[in-house]
Amino acid sequence: MEWVLASQSPRRRELLSRVGVKFRIQVAHTDEVSLETAPEEIAKDLSRQKALAVREMEPDACIIAADTIVVLDGEVLNKPVDRDENRVFISRLAGRTHQVMTGVTISTPEVTHSDVEITQVKFRSLTEREIEWYVQSGEGLDKAGGYGIQELGALLVEGVEGDYFNVVGLPLVRLLMVSRQVGQDLLGAHV
Ligand SMILES: Cc1cn([C@H]2C[C@H](O)[C@@H](COP(=O)(O)OP(=O)(O)OP(=O)(O)O)O2)c(=O)[nH]c1=O
């Protein structure tokens, strides 16, 4: 079966290609609104919506979708709307541990399965100057929680407990497990 990644995120494309999976990209618009209340359910629900939105265009494919959220004290920090909000997010995250949750969904023509991976990320304490330096880089603007661990944001993070790739946006091992649950082992997707 053909694999389709329902994502416009260059980070997800890169991670999936890096483990040798051959896939096409197909994106459909979703408004990223969930009626769920528990953060892990929100992440799963949004990834499912993204996958199912592509189903009409790809009736025969095996569709992969993901959604990453950042959770601090049970509160979801989405993508910051501007630099001011990004500054607020980074100040709140500084010196504390938060959760990065990525919901993943794989949908085949027969079955759709979703799961979520949770990683603990600890930010070091940051000075005003450091926060300003990061916010003015603009790097955090298109990212959940307002930072990216894979670039400049690496300098904000003291430690990670769990799957690093989950923080970047695609929990590869969790995805492999879900692929087996839907009967389409990702390890066979190299050709
Ligand atoms: C916390 C964190 C998030 N992110 C990114 C991953 C996701 O791309 C983004 C969260 O937004 P998402 O809505 O999960 O994804 P997206 O809109 O970028 O792409 P698509 O819906 O088409 O798949 O934040 C990082 O790149 N690094 C990080 O450290």
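Residues numbered from 1 in each chain as written. Predicted model: local features only at pLDDT ≥ 70, side-chain atom pairs only at ≥ 80, totals over all residues.

Per an unreviewed UniProt entry, the chain goes by the name dTTP/UTP pyrophosphatase and belongs to Deinococcus cellulosilyticus. For the record of the chain, the UniProt heading Sequence similarities (unreviewed entry) holds the text "Belongs to the Maf family. YhdE subfamily." (UniProt positions renumbered as here; feature names shortened; annotations may be inferred.)

A look at the UniProt feature "site: Important for substrate specificity" (unreviewed entry) in the chain
Using the residue numbers shown here, the UniProt feature "site: Important for substrate specificity" (unreviewed entry) corresponds to R11, T68 and Q150. These annotated residues cover 140 residues of sequence, but their C-alpha atoms sit close together, with the largest distance between any two at 14.4 Å. Position of T68 relative to the elements: it lies in strand β3 (residues 62–72). The class for T68 is buried, based on 26 C-beta atoms found within 10 Å. Among all residues touching T68, those that are not within four sequence positions of it are V100, T102, A144 and G169. Of the residues examined, Q150 has 17 C-beta atoms within 10 Å and is grouped as partly exposed. Sequence-distant contacts of Q150, defined by excluding residues within four places in its chain, comprise R11 and V168. (Helix = DSSP H or I, 4+ residues; strand = E, 2+ residues; numbered from the N terminus. Buried ≥ 20, exposed ≤ 12 C-beta atoms within 10 Å, placed from the backbone. Contact = placed C-beta atoms within 7 Å.)

Some details on the site of the ligand
As a matter of local geometry, the ligand sits amid 23 residues, with S7, S9, K143, I149 and G169 nearest to it. Sorting the residues of the shell around the ligand by element identifies α1 (10–18), β3 and α5 (164–168) as the ones contributing at least two each. For the shell around the ligand, the element with the highest residue contribution is β3, accounting for 4 residues. Taken together, the residues that form the shell around the ligand break down as 9 nonpolar, 9 polar and 5 charged. (Near = placed C-beta within 6 Å. Nonpolar A, V, L, I, M, F, W, Y, C, P; charged D, E, K, R; others polar.)

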